[in-house]
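Breakdown of the fold
Listed below are the residues making up each chain.
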Amino acid sequence: MMERNMYKEKEQLFVPHSKENSASPEPKVRTTPKKKSRSTWKNFWTKLMALAPYMWPKKAIYRNLQIRIILCFFLLGIGRVINLYIPIYNKIIVDSLTNLDAVAYRWDWIVIYVSLKFLQGGGLDTLGFLNDLRSLLWVAVQQYTSREVKVTLFRHLHGLSLSWHLNRKTGEVLRVMDRGTESVDNLINVIFFSLAPAVIDILIAVIYLCTAFNYWFGITVLTTLVMYVAVTVILIESRSDIRRAMNEADNKRRGRSVDSLLNFETVKYYNAENYEVETFNGELLKFQGKQLKANLTLNILHCSQNVVLCAGLLAGSLMAARMATETSTSTVGDYVMFLSYVVQLYGPLNMFGFHYRQIQNSFVDMENMLDLLEQEPAIVDCPDATSLDVNGGAIQFERVTFGYVSEEIVLKEVSFSLMQGQTVALVGPSGSGKSTILRLLFRFYDADAGSIKLDGQNIEHVSQNSLRKAIGVVPQDTVLFNNTVKFNIKYGRMDASDADVIEASKGADIHDRIMTFPEAYGTIVGERGLRLSGGEKQRVAIARTLLKAPEIVLLDEATSSLDTHAERNIQASLRKLCEHRTTLIVAHRLSTVIHADEILVLKDGEVVERGRHSELVEKEGLYCDMWKRQLDSGLE
């Protein structure tokens, strides 16, 4: 119960993402498939359609990209025609040189043959001019696709609710994002520029061999093709679970390393370096074990594919050699042409196995990304949401009831109101629902019952963007970006001028201190602002909120992490921030809220007392007991 209460009250409105935040009561969202035994080709069409918006840029501004795509497929078609004629010219050249009755030196045929090889490539490891040109044209298209996928996923992640992010590890989310983006690029390239051309080449070769020789050659090649595909599909599908297990182990390894580094200070505080290293080593060993198993099954797959291909090559070569020696209609050139076709055919066929594995692996990697994209935010704007019309910033809570989970109610029919420019403080024991009220006002969550109104408008009927634009927050634990002081202050209003930034800094009484930094406003504050002291970070947060110039200010125990001296020094900045603004304060130290127009005392999710400081002390109730305890402990 104590952990539960601590979670409710001590989690800040804006929190760094770390393992301490993972105690949210919301149900977890999976990063790995629930049913690991399902085929990765299940819902193939649905997965392919999920990629469709990223394959063809529809907007007119992308006309250049559309032309590039058309040219790439045109070059791909030319390549298929060239593949048909390369073995034919090889046969013609060989026949001209082996014809004992009339040996001919046909340099023109040799030039044509070499030109075709130049255009199409000299082998598996040598791409031809057409492929090089196609790859060059496709770079811009691939960049567009990668950019669109990453931006869409990044926007989606920022659109998800706070409860979702509290359940996630940043390292795992980033790993899923990276692998998912790479899988989209791989799928598009493999399907359109490797697998599809290979299938077309195989069909053309089978038809031509049947007409140039006889149907036995077509049957031999087709049988080899079917056996190869069957072996490839069966063995690769059997590797799906192994691949998923390896991905899961990789996610845990990555998540553990990021989590450990983000909590670097905590590790140092408890001399836990060795523990962290050993834990990371354990996760790495688990990953490498899965990786070894995946590599072993991959080698078995390669060996099986090689057996099938060589068996087909042996059967076809024996038939071609027999025809060349025992029939008058077949020549040495026919045998060479057959070998050329078979090598040219088995090349893409062998690559088919590789491409199939790529597609299968990419689908496995895509599953996690698609799971992320399928997540719906818990808090959404209603269809007819309007922009908030702020006229003073009056706040009204009407019989608000809320629980993070249905089994436990955090707020029970809480009602209170703040007039324009009024300051109201929320105090009470841990777990009484103070920070929850701020979260509901900022609409990180929606109330289960009752309503919250701002200037008479129900906040569930206005857009979240307009609501949050009107509210400024100074949390207990200010987390800054690893950027300059100027950037962190300017984050309150990105279009602000340098003069506005300086004015806000002066208002927060931090300007003079900033000017003593090595690079003044250009000083990098470090990861999560660790290069600044607690008081400096709080003043930066106040300056940022002053620059935002909101009509409503929320202070979530904004000074509780500071010592008494630092707190008293920062109170003047807070008073300037709250001046002429509707202010709602969550406070632990009662001395910081004695000036409030009204103090609400919460206990077990209910308002049990309300009034000014002097009135509440005279009542000798819960507030008076809290005040006396703080006086005795020296926290006044």
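Residues numbered from 1 in each chain as written. Predicted model: local features only at pLDDT ≥ 70, side-chain atom pairs only at ≥ 80, totals over all residues. Heavy atoms only, no water.

1. Description of the overall build of the chain
- Helices and strands together make up the secondary structure of the chain, namely 21 helices and 10 strands.
- Looking at the 636 residues of the chain, the share that counts as buried comes to 50%.
- Contacts in the chain between residues at least 24 apart in sequence constitute 77% of all its contacts with a sequence separation of at least 6.
- When the accessible area of the chain is evaluated, it comes to approximately 31,500 Å², of which 58% is carbon and sulfur surface. (Helix = DSSP H or I, 4+ residues; strand = E, 2+ residues; numbered from the N terminus. Buried < 20%, exposed > 50% of the residue type's maximum accessible area, 1.4 Å probe, protein only. Contact = heavy atoms within 4.5 Å. Areas by Shrake-Rupley, 256 points an atom, 1.4 Å probe, with all protein chains shown as cover.)

2. Focus on the packing of aromatic side chains
- In this structure the tally under the stated criterion is 9 aromatic pairs.
- For the pair Phe 402 and Tyr 404, a centre-to-centre distance of 5.1 Å together with 80 degrees between the ring planes defines the contact as edge-to-face. Both residues of the pair, Phe 402 and Tyr 404, belong to the buried class.
- Ring pairing ties together the aromatic residues Phe 402, Tyr 404 and Tyr 445, which thus form one cluster.
- Above the ring of Phe 287, the side-chain terminus of Arg 253 is found at 5.2 Å from the ring centroid. (Phe/Tyr/Trp six-rings, centres within 6.5 Å; stacked < 30°, edge-to-face > 60°. Lys NZ or Arg CZ within 6 Å of the ring centre and 35° of its normal.)

3. Overview of unusual backbone geometry
- Here Arg 443, not a glycine, exhibits a phi torsion of approximately 65 degrees, which is positive.
- Along the chain, Arg 443 turns up in the loop between α13 (434–442) and β4 (449–454).
- Take Arg 443: its relative accessible area is 3%, and that puts it in the buried class.
- The backbone phi angle of Asp 455 is positive, close to 50 degrees, even though this residue is not glycine.
- For Asp 455, the position within the fold is in the loop between β4 and β5 (457–458).

4. Here's the deal with the side chain of Asn 263
- Here Asn 263 lies in the loop between α9 (240–262) and α10 (264–269).
- Under the relative-accessibility criterion, Asn 263 is labelled buried at 10%.
- Only 2.9 Å separates the side chain of Asn 263 from the backbone oxygen of Asp 259, close enough to count as a polar contact. (Polar contact = N/O pair within 3.5 Å; in protein donor to acceptor, adjacent residues only side chain to side chain.)

5. Focus: the sheet that holds strand β6 (residues 471–474)
- Read from one edge of the open sheet, 6 strands run β6-β7-β8-β3-β9-β10, paired in mixed fashion. Pairing within the sheet leaves two strands with one partner each, and these edge strands are β6 and β10 (606–611). Each adjacent strand pair in this sheet contributes to an overall mean axis angle of 20 degrees, direction not counted. (Pairing = 2+ DSSP bridges. Axes fitted to C-alpha atoms, helices over the stretch in contact; angles between N-to-C directions.)

6. So, the pattern of salt bridges
- In this structure the tally under the stated criterion is 9 salt bridges.
- Here Arg 493 and Asp 500 are joined by a salt bridge, their closest N and O atoms 3.7 Å apart.
- Judged by relative accessible area, which is 31%, Arg 493 ranks as partly exposed.
- The salt bridge involving Asp 597 is made with Arg 612; its shortest N-O contact spans 4.0 Å. (Salt bridge = Lys/Arg side-chain N within 4 Å of Asp/Glu carboxyl O.)

7. A few points about the sheet that holds β5
- Taken in spatial order, the 4 strands make up an open sheet running β2-β1-β4-β5, and their pairing is antiparallel. What marks the edges here is a single partner per strand, and that holds for β2 (411–418) and β5.
- This element, α13, spans β1 (395–402), β2 and β4 of the sheet and lies at about 110 degrees to β1.

8. Structural notes on helix α16 (residues 498–507)
- Three or more residues of α16 are buried, namely Val 501, Ala 504, Ser 505 and Gly 507. Mapping the buried residues of α16 onto a view down its axis gives an arc of 160 degrees, with all of them on the same face. Summarising the geometry of α16, the exposed residues directed more than 90 degrees from the buried face are Ala 499, Glu 503 and Lys 506.
- Looking at the residues trailing α16, positive phi occurs at Asp 509, about 55 degrees. (Arc of directions from axis to C-beta.)

9. Describing the nonpolar core
- Counting residues in each nonpolar core, the largest one holds 39 residues, and the members touching the most others are Val 427, Ile 489, Leu 555, Leu 577 and Ile 599.
- Contributing elements (two or more residues each) for this core: β3 (423–427), α15 (485–490), α16, α18 (534–548), β7 (552–556), α19 (564–578), β9 (598–603) and α21 (622–633).
- Setting aside anything within four residues of it in sequence, one finds Leu 577 in contact with Val 474, Ile 542, Thr 545, Leu 546, Val 553 and Leu 555.
- If you look at the next biggest cluster of nonpolar residues, it comprises 37 residues, including Leu 65, Ile 82, Trp 138 and Met 366. (Core = buried A, V, L, I, M, F, W, Y, C linked by side-chain atoms within 4.5 Å.)

10. A word on a nonpolar patch on the surface
- Taken together, Tyr 105, Trp 107, Ile 110, Val 111 and Val 114 make up a surface patch of nonpolar side chains, about 550 Å² in accessible area.
- Relative to the elements of secondary structure, Val 111 occurs in helix α4 (residues 107–120).
- Exposure remark for Val 111: the relative accessible area of 44% places this residue in the partly exposed category. (Patch = residues over 30% accessible without salt bridge, like charges linked within 9 Å, V, L, I, M, F, W, Y side chains within 5 Å.)

11. Here's the deal with the side chain of Glu 536
- Secondary-structure assignment places Glu 536 in helix α18.
- Glu 536 has contacts with Ile 510, Arg 513 and Phe 517, leaving out every residue within four places of it along the chain.

12. Things to note about the pairing of β7
- Summarising burial for β7: 5 of the 5 residues are buried, a large majority.
- Burial of the side chains of β7 extends over both faces: Ile 552, Leu 554 and Asp 556 are buried on one face and Val 553 and Leu 555 on the other.
- Sheet topology places β6 next to β7; 4 bridges connect them, and they run parallel. Counted as the bridge partner of Gly 472 is Val 553 from β7.
- Of the pairings in the sheet, the one linking β7 to strand β8 (residues 582–586) comprises 5 bridges and is parallel in character. From the neighbouring strand, Asp 556 faces β8, where its bridge partner is Val 586.

13. Brief notes about the packing of α16 against α18
- Direction vectors running N to C along α16 and α18 enclose 125 degrees, while the axes themselves pass 8 Å from each other. Relative to α18, the element α16 lies oblique. Read as a crossing pair, α16 and α18 show a hand that is right-handed. Note on element contacts: α18 touches α16 through Ala 543, Leu 546 and Leu 547, opposite Asp 500, Val 501, Ala 504, Ser 505 and Gly 507.
- Split by residue class, the contact of α16 with α18 holds 5 nonpolar, 2 polar and 1 charged. (Parallel < 35°, antiparallel > 145°, perpendicular 65-115°, else oblique. Left-handed = near helix turned anticlockwise from the far one by under 90°. Nonpolar A, V, L, I, M, F, W, Y, C, P; charged D, E, K, R; others polar.)

14. A closer look at the state of the cysteines
- As enumerated under the stated definition, the model contains 0 disulfides in all.
- Left unpaired, Cys 303 is separated from the closest cysteine sulfur, that of Cys 310, by 9.8 Å. (Disulfide = S-S within 2.5 Å.)

15. Things to note about the confidence of the model for the chain
- Scored by pLDDT, the chain comes out at a mean of 76, with 83% of its residues at no less than 70.
- Below pLDDT 50 for its whole length, residues 1–37 participates in 108 contacts with residues either more than four positions away or in separate chains. (pLDDT = per-residue confidence, 0-100.)

16. Thoughts on the pairing of β9
- Of all 6 residues making up β9, 5 are buried, and the element is well covered by its neighbours.
- For β3 and β9, the ladder comprises 4 bridges, and the chain directions are parallel. Considered in β9, the bridge of Ala 425 is made with Ile 599.
- Relative to β10, β9 runs antiparallel, the two sharing 5 bridges. Paired with Ile 599 across the two strands is Gly 611, which belongs to β10.
- Connecting β9 to the next strand, β10, in antiparallel fashion are 2 residues, including Asp 604 with a positive phi near 55 degrees.

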